[in-house]
2 protein chains.
Amino acid sequence: MNSTIYDVSRLSGVSTATVSRAFSNPELVREGTRRKVYEAAEVLHYSPNAIAQAMARQRTDRIAFLICKEGATILDEFYAGICDGIMNAANRTDYELMISTAADWDLAANTSKNKQVEGVILGGNAKPELVSELQNRGIAVVLVNNRMAGFDLPCVVSDEYGGVRQALEHLISRGHRNIAMLAGRFSPYILNERYRAFLEIAQAHGLPVDARHIKLCDPTVESAAEACRELLSRPDRPTAIFGTNDVVAAGAMKAARRLGLRLPEELAVTGLDDASVCGMLEPELTSVHIDCRRMGELSVERLQSLLAGDENVPQVTVVPTELRVRRSA
Amino acid sequence: MNSTIYDVSRLSGVSTATVSRAFSNPELVREGTRRKVYEAAEVLHYSPNAIAQAMARQRTDRIAFLICKEGATILDEFYAGICDGIMNAANRTDYELMISTAADWDLAANTSKNKQVEGVILGGNAKPELVSELQNRGIAVVLVNNRMAGFDLPCVVSDEYGGVRQALEHLISRGHRNIAMLAGRFSPYILNERYRAFLEIAQAHGLPVDARHIKLCDPTVESAAEACRELLSRPDRPTAIFGTNDVVAAGAMKAARRLGLRLPEELAVTGLDDASVCGMLEPELTSVHIDCRRMGELSVERLQSLLAGDENVPQVTVVPTELRVRRSA
DNA sequence: CTGAAAGCGCTAACAG
DNA sequence: CTGTTAGCGCTTTCAG
């Protein structure tokens, strides 16, 4: 049996209340008393029972990270990176972290109803209904890699516009004018941002680029390769391809290779995300680094602020991106 | 305020004990009574408070997955796969899952001392001291992707020997005799298994292969590429390289490309893991599939058995591998 | 099959 | 600064 606060109380000769204070609010206990308590605790191998604390305090100090995404979730390097940041940041706090995917998350079982989770970080394409439901139950919510109109909640996103600009301007600086965007069908938010950015920036630079230069594909190598093949068989074949993530870019490289094009001489390719695959490809893929880890950490900070009752927690936090020039463009 | 068992008791006109039974042991309650309880609960939006349950029952129904690995943890596709399997399996049980990395796992704060975790799945290179410590505290332990001599605990591993055989025999069947193994410095267990398997199987096939055909490298593309370059500049250059994971194999491919070798004609390469990068490489990488997800699921099953007090839970569970032939070999 | 009542280990007024 | 005491919401004997 583990020892309890009573055992410590008895051994140290102070009340249980004091033992409790010695651990939860040391500053309320006189130095000498405190030491007596700690010594007794040491002897008894005592350490507070978190369950009992939660019960008495009526709060759990528990938050959750919910990945709202179809298919591979934690297996997606992007979300794994965010998750890593969240785990890392949560670890520095007193909050305990639960990690789930939307597929197996049970609202009823995981929220205030049974007093388990006090705050949730929603990653990716969360449904607005889920957000309202959570907020209605008094759960703090923050969004990561997404934004949602009409809600009062903090969002942490990457600088989508800036990222697209870095990729595009790099290509332009290398002399490319006929640039196509191979756009993976990601969440509506992401797709939208990148789409709009691409068009605006291309136009700002006077590129002869229009909607025909944007080709959608599924976010798989195969789909991207197929889509790229079409792009490359047009009469006015683009000289550069901007893939909206690295998997898509890898697909483009593959299509180019199969068509016998030399990279980057006959076709330049850039990606987005700066995933680990960039270094494995040949030539290595030029990409725009997204600081997923930072996004995760910031999400935790925002959630903490919310839970701490801070007024004016920033509604949107934008994490800057960084171009990583390699050999593919 | 959320409703409690008392509210339900009052509304339904039965005692709290009965309400409790109706939810936890329905078979102990008469059909009609049970329905009354459920109806009242429905009206009140009642659902049991897990914290209070844990408090009263003196158990938490909580398990943890601890990744014991340096550096990228959840970011490692391999462990992410295991994690995915674990999350998936845990979700079908009543156990709640905590996910941590060895780096930020605090023994004191997460184990029976404060009654939080009842069982732990240790992934990768766990320290024996950690295992004994946990077992001493009465925590159930299972190992995944590792084995440990001198301990009484279930291990779930991939068929390392069989995997190496599949890769090697494939290469042999393609006519290769001079095959080198590029071995990433993974955990001692994994490294050992693969090393031994390679030598034994090569010898069994009468290949002129010895320890000089095994080259160690760090598990990064760069290190692998460097190591492979050396291998390829030997007078009796190998005609095939077996990388002990796909990242290493990608490094080998890169080195070969830079030396101007055509793949697979002048150098065949196979990997191990069947990670997502296989399909992104050109040519696509032939690899041996490891069913990480299954490994994760089985770990949970073993842990459950342990916690259920089953006698003779299998000490070692081996998950078969499968060769995936692509164009690199 | 159901109810009464005693906890589970800790916290938080409140009083001193 | 410290002690008393009444819970937190649920489970679980023990009776009936």
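Up top is the structure.
Described below are features of the structure shown in this document. (Residues numbered from 1 in each chain as written. Chains lettered and ligands numbered in written order. Predicted model: local features only at pLDDT ≥ 70, side-chain atom pairs only at ≥ 80, totals over all residues. Heavy atoms only, no water.)

All names here are of chain B. Tracing the backbone shows Asp 274 in the loop between β9 (268-270) and β10 (287-289). Classification of Asp 274 by relative accessible area gives buried; the value is 13%. At a separation of 2.7 Å, a polar atom in the side chain of Asp 274 contacts the side chain of Arg 326. Once you skip the residues sitting within four places of it in the chain, Asp 274 turns out to touch Asp 246, Ser 287, Val 288, His 289, Arg 324 and Arg 326. (Helix = DSSP H or I, 4+ residues; strand = E, 2+ residues; numbered from the N terminus. Buried < 20%, exposed > 50% of the residue type's maximum accessible area, 1.4 Å probe, protein only. Polar contact = N/O pair within 3.5 Å; in protein donor to acceptor, adjacent residues only side chain to side chain. Contact = heavy atoms within 4.5 Å.)

This part is about unusual backbone geometry. Residue Pro264(A) is bonded to the preceding Leu263(A) through a cis peptide linkage, with omega at 0°. Tracing the backbone shows Pro264(A) in the loop between α11 (246-258) and β9 (268-270). The step from Glu282(B) to Pro283(B) runs through a cis peptide bond, and the omega angle for that step is 0°. Mapped onto the fold, Pro283(B) is located in the loop between β9 and β10.

Glancing now at the packing of aromatic side chains. Residue and element names in this part refer to chain B. Across all of its chains, the model carries seven aromatic pairs over all chains by this definition. Between Phe 198 and Phe 242, the ring centres sit 6.5 Å apart and the planes meet at 25°, which makes this aromatic pair stacked. Here the residue Phe 198 occupies a position in helix α9 (residues 188-204), and Phe 242 occupies one in strand β8 (residues 240-243), the gap between them amounting to 44 residues. Taking the relative accessible area as the measure of exposure, Phe 242 reaches 0% and is therefore buried. (Phe/Tyr/Trp six-rings, centres within 6.5 Å; stacked < 30°, edge-to-face > 60°.)

What follows covers the protein's contact with DNA strand C. In the neighbourhood of DNA strand C, 29 residues make up the surrounding shell, with Ile5(A), Ser20(A), Tyr46(A), Arg21(B) and Thr33(B) lying closest. In the interface set of DNA strand C, defined as its atoms within 4 Å of the protein, sugar plus phosphate atoms amount to 63%. One of the side-chain nitrogen or oxygen atoms of Thr18(B) is found 2.8 Å away from a phosphate oxygen of DNA strand C. For DNA strand C, a base oxygen lies 2.5 Å from a polar atom in the side chain of Arg21(B). At the level of secondary structure, the elements contributing two or more residues to the surface near DNA strand C comprise α1 (5-12), α2 (16-24) and α4 (50-57) of chain A together with α2 (16-24) and α4 (50-57) of chain B. Taken together, the residues of the surface near DNA strand C break down into 15 nonpolar, nine polar and five charged. (Near = heavy atom within 4 Å. Nonpolar A, V, L, I, M, F, W, Y, C, P; charged D, E, K, R; others polar.)

The next subject is the relation of the copies chain A and chain B. Laying chain A over chain B is done by rotating through 180° and shifting 0.0 Å along the axis; what remains is an RMSD of 0.1 Å. With respect to symmetry, the two chain copies, as superposed, fit the operation of a two-fold axis. With an isologous cut-off of 70% or more, the 100% of interface residues of chain A that recur at the interface of chain B puts this contact in the isologous class. (Least-squares fit on C-alpha atoms with pLDDT ≥ 70 in both.)

A word on the interface of chain A and chain B. In this assembly, 49 residues from chain A lie in contact with 49 residues from chain B. For the pairing of chain A and chain B, the buried interface totals around 4300 Å² over both sides, and the portion due to carbon and sulfur atoms is 60%. Linking chain A to chain B there are nine salt bridges. Across the salt bridge formed by Lys254(A) and Glu284(B), the nearest N and O atoms sit 2.6 Å from each other. Our enumeration of links across chain A and chain B arrives at 14 residue pairs in polar contact (both at pLDDT 80 or more). For the side of chain A that touches chain B, the elements supplying multiple residues, two or more each, are α4, α5 (77-91), β2 (96-101) and α11 of chain A. (Buried area = accessible area lost by both parts, 1.4 Å probe. Salt bridge = Lys/Arg side-chain N within 4 Å of Asp/Glu carboxyl O.)

Quick look at the packing of helix α8 (residues 160-173) of chain B against α9(B) now. Residues and elements named next belong to chain B. For the pair α8 and α9, interaxial distance at closest approach is 9 Å and the crossing angle is 45°. Accordingly, the angle class assigned to the pair α8 and α9 is oblique. The chirality of how α8 crosses α9 is right-handed. The segment α8 lies against α9, with Glu 160, Tyr 161, Val 164, Arg 165 and Leu 168 engaging Tyr 189, Ile 190, Glu 193, Arg 194, Arg 196, Ala 197, Phe 198, Glu 200, Ile 201 and Ala 202. For the contact of α8 with α9, the residue count by class is nine nonpolar, no polar and six charged. (Axes fitted to C-alpha atoms, helices over the stretch in contact; angles between N-to-C directions. Parallel < 35°, antiparallel > 145°, perpendicular 65-115°, else oblique. Left-handed = near helix turned anticlockwise from the far one by under 90°.)

The next subject is the sheet that holds strand β5 (residues 155-158) of chain B. Residue and element names in this part refer to chain B. Spatially, the six strands line up as an open sheet ordered β2-β1-β3-β4-β5-β11, and their pairing is parallel. Two strands in the sheet have a free side with no partner beyond their single neighbour: β2 (96-101) and β11 (316-319). Going from strand to strand, the sheet's axes swing by 20° on average, the running direction of each strand aside. Examined bridge by bridge, β5 and β11 share four bridges and lie parallel to one another. The partner of Val 157 across the bridge, within β11, is Val 318. (Pairing = 2+ DSSP bridges.)

Our focus in this paragraph is the sheet that holds strand β7 (residues 214-217) of chain A. Residue and element names in this part refer to chain A. Spatial ordering of the open sheet is given by β7-β6-β8-β9, a layout of four strands whose pairing is parallel. Since the sheet does not close on itself, it has two edges, and those belong to β7 and β9, each with one partner. Averaged over all pairs of adjacent strands, the angle between their axes in this sheet comes to 20°, without regard to strand direction. Sheet topology note: the strand β6 (residues 179-184)/strand β8 (residues 240-243) ladder contains four bridges and is parallel.

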